[in-house]
Amino acid sequence: MDEWTLKIRAMDTQNVSEARTEGTCPADDEQCLKLEKAAIKIQSWWRGNMVRRKLLHAALRAWVIQCWWRSMQAKMLEQRRRLALRLYTCQEWAVVKVQAQVRMWQARRRFLQARQAACIIQSHWRWHASQTRGLIQGRYEVKASRLELDIEILMT
């Protein structure tokens, strides 16, 4: 067989090519060639349609997969964002709690210092008030190892 016949058979133009090679073509050679060309055009059109259809289906499948992947990425990004927000709020609460504890400790320390100062002032005031009432007046001094006491009792 010649190359031309192989090409025709490869394109599934069996009826036309068989009629031509056997010499039983109902019309003349020109008409057979026109039929072959028409058959080739129809087959190429059909194959083109099939290829385009397959490409369209592949593109649609790829589009579906891409949409799914983008939605999964958005979900993962939202999860990461929520986790980061939760971590941030936990850290902020920890900072607030530590600051509250430090402020409470400082306030308590100031309160204890003020209470101690008030106690000292009260004791001095009470001592002064008892000294100036006129009932008992005196003074005392502590020297090295002994207490020297000088008490004077006045009756009014």
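Predicted model, so just to flag it, every value in this text is computed and none were measured. (Residues numbered from 1 in each chain as written. Predicted model: local features only at pLDDT ≥ 70, side-chain atom pairs only at ≥ 80, totals over all residues. Heavy atoms only, no water.)

## Observations concerning the overall build of the protein
Across its full length, the protein holds three helices and two strands. Counting the 156 residues in the protein, one finds 8% classified as buried. Restricting to contacts in the protein with at least 6 residues of sequence separation, those with at least 24 account for 24%. Taken as a whole, the protein presents about 14300 Å² of accessible surface, with 62% of it coming from carbon and sulfur. (Helix = DSSP H or I, 4+ residues; strand = E, 2+ residues; numbered from the N terminus. Buried < 20%, exposed > 50% of the residue type's maximum accessible area, 1.4 Å probe, protein only. Contact = heavy atoms within 4.5 Å. Areas by Shrake-Rupley, 256 points an atom, 1.4 Å probe, with all protein chains shown as cover.)

## Structural notes on the packing of aromatic side chains
Each aromatic ring pair is characterised by the separation of its centres together with the angle its planes make. All chains considered together, the criterion is met by two aromatic pairs. Taking 6.2 Å as the distance between ring centres and 50° as the angle between the ring planes, the aromatic pair formed by tryptophan 45 and tryptophan 46 counts as tilted. For tryptophan 45, a relative accessible area of 52% puts it in the exposed group. Judged by centre distance (6.2 Å) and plane angle (45°), the rings of tryptophan 68 and tryptophan 69 are tilted. (Phe/Tyr/Trp six-rings, centres within 6.5 Å; stacked < 30°, edge-to-face > 60°.)

## Things to note about the pattern of salt bridges
Throughout the structure, instances matching the rule amount to two salt bridges. The partner of arginine 81 in a salt bridge is glutamate 78, with the nearest N and O atoms 2.6 Å apart. Within this pair, arginine 81 and its partner glutamate 78 are both found in helix 3 (residues 29-132), separated by three residues, close to a single helical turn. When its relative accessible area of 27% is taken as the criterion, glutamate 78 is described as partly exposed. Residue glutamate 78 pairs with arginine 82 through a salt bridge whose shortest N-O separation is 3.2 Å. Separated by four residues within a single helix, glutamate 78 and arginine 82 lie in helix 3, roughly one turn from each other. (Salt bridge = Lys/Arg side-chain N within 4 Å of Asp/Glu carboxyl O.)

## Structural notes on the confidence of the model for the protein
Confidence in the prediction of the protein, expressed as mean pLDDT, is 79, and 66% of residues score 70 or more. Here helix 1 (residues 3-10) is the element of the protein with the lowest mean pLDDT, 48, and helix 3 is the one with the highest, 92. Every residue in residues 4-9 is under pLDDT 50, and counting partners more than four places away or in other chains gives 10 contacts. (pLDDT = per-residue confidence, 0-100.)

## What about a nonpolar patch on the surface?
The grouping of Leu56, Leu60, Trp63 and Val64 at the surface amounts to a nonpolar patch, some 420 Å² of accessible area in total. Counting through the fold element by element, leucine 60 comes out in helix 3. Judged by relative accessible area, which is 45%, leucine 60 ranks as partly exposed. (Patch = residues over 30% accessible without salt bridge, like charges linked within 9 Å, V, L, I, M, F, W, Y side chains within 5 Å.)

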